[in-house]
Amino acid sequence: MDEQGNASIELACGLAEEVVRTFGEVRLRVFGTSMVPSILPGDLVSIQRASLNEISPGEVVLYLRKGRLFVHRAVDRNVAATADYAEESCLITRGDRLRHNDPPVSSSELLGRVVCIERGNRKVELPAVASNQPITRLLQSSDRFTYLYLRLAACWRTIFLWGAKCRA
């Protein structure tokens, strides 16, 4: 991506940060695949501001790091040393499709929790914990399988919407 594209992304992420910190909520469209199958690219997530001590493992959070937004699941809480050698509580997060934890999320990076997911014109239940089903393990092990899963989900969505229009 060129410098102008990176600057636009950082500006949009900064704007989302400002909205959630000022007004307490924001709705964002998800583009990545790290939370598949819980959250799919194109889903709309509603975020409500929350502090670090309000988040429990299993919840999905939004945080900002190095000019990018991440929607990942909190898997643990930890204490980490900061740059000034003080200890600070932090969250350990990970995308459902990913095998490894993210670096610890500090209270200054955390923006809030996901409270709603919209897929198409309907609300989708957010699983309380990352699934350990065989499909999730396949998604973790293969980008090719993830691509196929997303293609099938898109086809299913098209068939579902087409069927709904035919019945109307």
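Residues numbered from 1 in each chain as written. Predicted model: local features only at pLDDT ≥ 70, side-chain atom pairs only at ≥ 80, totals over all residues. Heavy atoms only, no water.

Caption draft 1: Main features of the overall build of the protein chain. The number of helices and strands found in the protein chain is three helices and seven strands. Here the protein chain holds 168 residues, and the buried ones make up 35% of them. Restricting to contacts in the protein chain with at least 6 residues of sequence separation, those with at least 24 account for 58%. A total accessible area of about 10,700 Å² is found for the protein chain, and carbon and sulfur atoms account for 55% of it. (Helix = DSSP H or I, 4+ residues; strand = E, 2+ residues; numbered from the N terminus. Buried < 20%, exposed > 50% of the residue type's maximum accessible area, 1.4 Å probe, protein only. Contact = heavy atoms within 4.5 Å. Areas by Shrake-Rupley, 256 points an atom, 1.4 Å probe, with all protein chains shown as cover.)

Caption draft 2: Seen up close, the side chain of S106. Checked against the element boundaries, S106 lands in the loop between strand 5 (87-94) and strand 6 (110-119). Polar side-chain contacts of S106 include one of 3.0 Å to the side chain of S108. Residues contacting S106, with those up to four places away along its chain left out, are L52, E88 and C90. (Polar contact = N/O pair within 3.5 Å; in protein donor to acceptor, adjacent residues only side chain to side chain.)

Caption draft 3: Seen up close, the side chain of S46. Along the polypeptide, S46 turns up in strand 2 (residues 44-49). Look past the residues within four positions of S46 in its chain and what remains in contact with it is V26, R27, R113, V114, V115, C116 and E118.

Caption draft 4: A look at the pattern of salt bridges. Scanning the model with the defined rule gives seven salt bridges in all. One salt bridge in this structure joins E59 and R113, with 2.5 Å as the shortest N-O distance. Of the two residues, E59 is situated in the loop between strand 2 and strand 3 (60-65) and R113 in strand 6; the sequence distance between them amounts to 54 residues. What makes E59 partly exposed here is its relative accessible area of 22%. The buried category is assigned to R113, whose relative accessible area is 19%. (Salt bridge = Lys/Arg side-chain N within 4 Å of Asp/Glu carboxyl O.)

Caption draft 5: Spotlight on the packing of aromatic side chains. According to the stated counting rule, one finds one aromatic pair in the structure shown. With 5.2 Å between their ring centres and 15° between their planes, Y63 and F70 make a pair best called stacked. The exposure class of Y63 is buried, given its relative accessible area of 1%. Looking at F70, the relative accessible area reads 19%, which means it is buried. (Phe/Tyr/Trp six-rings, centres within 6.5 Å; stacked < 30°, edge-to-face > 60°.)

Caption draft 6: Molecular detail of unusual backbone geometry. For the bond from V36 to P37, the omega torsion is 10°, close enough to zero to count as cis. Looking at the secondary structure, you find P37 in the loop between strand 1 (25-29) and strand 2. Even without being a glycine, K66 presents a positive backbone phi close to 50°. Inspection of the secondary structure assignment puts K66 in the loop between strand 3 and strand 4 (68-81).

Caption draft 7: Main features of the environment of E25. Its location among the elements puts E25 in strand 1. We classify E25 as partly exposed; its relative accessible area is 49%. With 90 residues separating them in the primary sequence, E25 and V115 have C-alpha atoms 9.8 Å apart. Residue contacts for E25: discarding those within four places in its chain leaves V19, V20, I47 and Q48.

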